[in-house]
Amino acid sequence: MANGRVLVIHTGGTIGMKPGPDGYEPVDGWLPERAAKIRALHDPDQPLLTTPPSRFGRRVSWEIQELRPLLDSAEVGREHWVRMAEAIAARYDEFDGFVVVHGTDTMAYTAAALSFMLEGLGKSVLLTGSQLPLANTRNDAVENLQGAIMLAGLYEIPEVGIFFADKLMRGNRTSKVDASGLDAFRSGSFPLLVRVGTDVDVRWDLVQKPSGDPLNIVPITSERVAALRLFPSISWETLERFLEPPLQGLVLETYGAGNAPSSRDRFLDVLGAASARGVVVVSVSQCQTGHVTAEYAAGRALLGAGVVPGADMTPEAALTKLQWLLSQDLEPDEVRARMQVSLRGELTIPATTPRFTWRD
Ligand code: ASP
């Protein structure tokens, strides 16, 4: 049986860092050189780089392409997202799947951004990295990288995902939740796509089916977005400043099920005025699980001021989706409409009719 083929696009992050005079820094060329010496990633009896066989006897042939300069992911911005998408598109036909090696800090933003930009995706694009560098004797780098390569090369899961700590999560459903633990990511409002244990347990019922259209990059070009987390003494003046031109989109991180201080002086007026002049304001919850709904008066009033409910989108998904939609030539109302529907599996609309039996 032919080997699976995977392109690993290395963008930086802890996984390929070494200690330097100012702390951990990414080092050019080090990850490929080191990976070639690790048996779990390369079988020395095979051509460079080839994994040992899987339990089912298949190997993955893989190569690493570094996107230099390698970055701490705190430095990653929309222009890097576009470079990553272009690197995938440039070699799309040569490989069965793609792994993007990335720092963990902004991995969830990049995963969500790629999920929107890569229209017509029919192959896996799996982001991974590690909390401890591959240079450390004790690390999570080998397992994460090996797992991502095997899944991308041997399984057909046409999703942009994050593979970390034995779990594959849909990228636009994921947030980084732990700065030091090895189980650093969580998909709070959507089940795991794959759990790797003694078996590889794929939730095929959840995996998105490809449209069959060719891959097409719809890039993110806009930077006129912001995110604002509500806090109990926030003033309307702060909000007004935030919403000033040239801002075109705001993700408002609201309390619980989408609540905000609706009775406070001018708060709603400021939001209403911004919405009326075309700023798209989207409400997502500060909670990691659950929906923005119109169940409370405090939340309903926000919607009355033109704020769009972001359902169960993560703040990362809402921000990158808004940025992506605002990069296209769309009227604000069209952007508002698309923010409320699932384009890449990033949100779930709760059922409106209650169900009480398996028979329905
Ligand atoms: N600061 C690093 C980064 O995001 C952290 C990591 O990779 O885990 O690039």
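Refer to the structure presented above.
Residues numbered from 1 in each chain as written. Predicted model: local features only at pLDDT ≥ 70, side-chain atom pairs only at ≥ 80, totals over all residues. Heavy atoms only, no water.

Asker: Explain the side chain of Ser327 to me, using residue names and the numbers behind them.
Answerer: For Ser327, the location among the structural elements is in the loop between helix H8 (315-326) and helix H9 (332-339). Of note is the side chain of Ser327, whose polar atom sits 2.8 Å from the backbone nitrogen of Thr221. A distance of 3.0 Å separates a polar atom in the side chain of Ser327 from the backbone nitrogen of Ser222. Dropping the residues within four chain positions of it, Ser327 is found in contact with Pro219, Ile220, Thr221 and Ser222. (Helix = DSSP H or I, 4+ residues; strand = E, 2+ residues; numbered from the N terminus. Polar contact = N/O pair within 3.5 Å; in protein donor to acceptor, adjacent residues only side chain to side chain. Contact = heavy atoms within 4.5 Å.)

Asker: A description of the site of the ligand should follow, citing residues and the corresponding values.
Answerer: With respect to spatial proximity, the complete set of residues near the ligand consists of Gly13, Thr14, Asp72, Ser73, Gly103, Thr104, Asp105, Ser130 and Gln131. Contacts to the ligand include Ser130, whose backbone N or O atom sits 3.2 Å from an oxygen atom. Contact with the protein chains hides 90% of the accessible area of the ligand, taken as 270 Å² for the molecule alone. Residues belonging to the shell around the ligand are distributed by class as follows: no nonpolar, seven polar and two charged. (Near = heavy atom within 4 Å. Areas by Shrake-Rupley, 256 points an atom, 1.4 Å probe, with all protein chains shown as cover. Nonpolar A, V, L, I, M, F, W, Y, C, P; charged D, E, K, R; others polar.)

Asker: Kindly report on the pairing of strand E16 (residues 249-254), identifying the contributing residues and their values.
Answerer: Burial analysis of E16 places six of its six residues in the buried class, the great majority of the element. A two-sided burial pattern is seen for E16, the buried positions comprising Gly249, Val251 and Glu253 on one face and Leu250, Leu252 and Thr254 on the other. Two elements, strand E15 (residues 225-229) and E16, share five bridges in a ladder whose sense is parallel. Pairing of Arg229 across the sheet is with Glu253, part of E16. Where the polypeptide runs from E15 across helix H5 (residues 236-242) and back to E16, its parallel neighbour, the crossover connection is right-handed. (Buried < 20%, exposed > 50% of the residue type's maximum accessible area, 1.4 Å probe, protein only. Pairing = 2+ DSSP bridges. Right-handed = clockwise from strand over helix to strand, strands pointing away.)

Asker: Describe the sheet that holds strand E8 (residues 160-164), and please don't skip the residues or the numbers.
Answerer: Sheets are built from strands paired through backbone hydrogen bonds, the pairs being either parallel or antiparallel. Taken in spatial order, the eight strands make up an open sheet running E4-E1-E5-E7-E8-E9-E12-E13, and their pairing is mixed. The sheet is open, and its two edges are formed by strand E4 (60-71) and strand E13 (200-202), each paired on a single side. When the angles between neighbouring strand axes are averaged without regard to direction, this sheet yields 20 degrees. The sheet contact formed by strand E7 (residues 124-128) and E8 spans three bridges and is parallel. Bridging across to E8, Val125 finds its partner in Val160. Against the sheet, helix H2 (residues 78-90) contacts strand E1 (4-12), E4, strand E5 (97-101) and E7, and its axis sits at roughly 155 degrees relative to E4. Where helix H3 (residues 107-117) meets the sheet, its contacts fall on E7 and E8, and the angle it forms with E8 comes to roughly 155 degrees. (Axes fitted to C-alpha atoms, helices over the stretch in contact; angles between N-to-C directions.)

Asker: Tell me what's going on with the packing of aromatic side chains, and back it up with residues and numbers.
Answerer: Scanning all chains against the criterion turns up four aromatic pairs. Ring geometry for Tyr92 and Phe98: centres 6.0 Å apart, planes at 0 degrees, overall stacked. Side by side, Tyr92 and Phe98 carry an identical accessibility label, which is buried. An angle of 65 degrees between the planes, with centres 6.0 Å apart, marks the rings of Phe95 and Phe98 as edge-to-face. Since its relative accessible area comes to 0%, Phe98 is described here as buried. Each member of the aromatic cluster is reached from another via a ring pair, and the members are Tyr92, Phe95 and Phe98. Residue placement shows Lys123 over the ring face of Tyr92; its charged tip is 4.7 Å from the ring centre. Over the face of the ring belonging to Trp236 we find Arg266, whose NZ or CZ atom lies 4.2 Å from the ring centre. (Phe/Tyr/Trp six-rings, centres within 6.5 Å; stacked < 30°, edge-to-face > 60°. Lys NZ or Arg CZ within 6 Å of the ring centre and 35° of its normal.)

Asker: Would you mind going over the packing of H3 against H8 in detail, with residue names and values included?
Answerer: The relative placement of two packed helices comes down to the angle between their axes together with the axis-to-axis distance. Relative to each other, H3 and H8 sit at 40 degrees, their axes nearing to 9 Å. Between H3 and H8, the angle falls in the class oblique. The handedness of the crossing between H3 and H8 is right-handed. Each of Ala108, Tyr109, Ala112, Ala113, Phe116 and Met117 in H3 lies in contact with H8, whose residues at this interface are Glu316, Ala317, Leu319, Thr320, Lys321 and Trp324. (Parallel < 35°, antiparallel > 145°, perpendicular 65-115°, else oblique. Left-handed = near helix turned anticlockwise from the far one by under 90°.)

Asker: Give me the lowdown on the sheet that holds strand E17 (residues 280-285), citing residues and values where you can.
Answerer: Pairing is parallel across the open sheet formed by four strands, whose spatial order is E15-E16-E17-E18. Across the chains shown, the open sheet's two edge strands, defined by having one partner strand only, are E15 and strand E18 (308-309). The pairing of E16 with E17 spans six bridges and is parallel. The residue bridging Leu252 from the neighbouring strand is Ser283, located in E17. Against the sheet, H8 makes contact with E15, E16 and E17, and its axis sits at roughly 165 degrees relative to E16, the strand it touches most. Across the sheet, H9 lies against E17 and E18, angled at about 15 degrees from E17, the strand it touches most.

These figures capture arrangement, not role.
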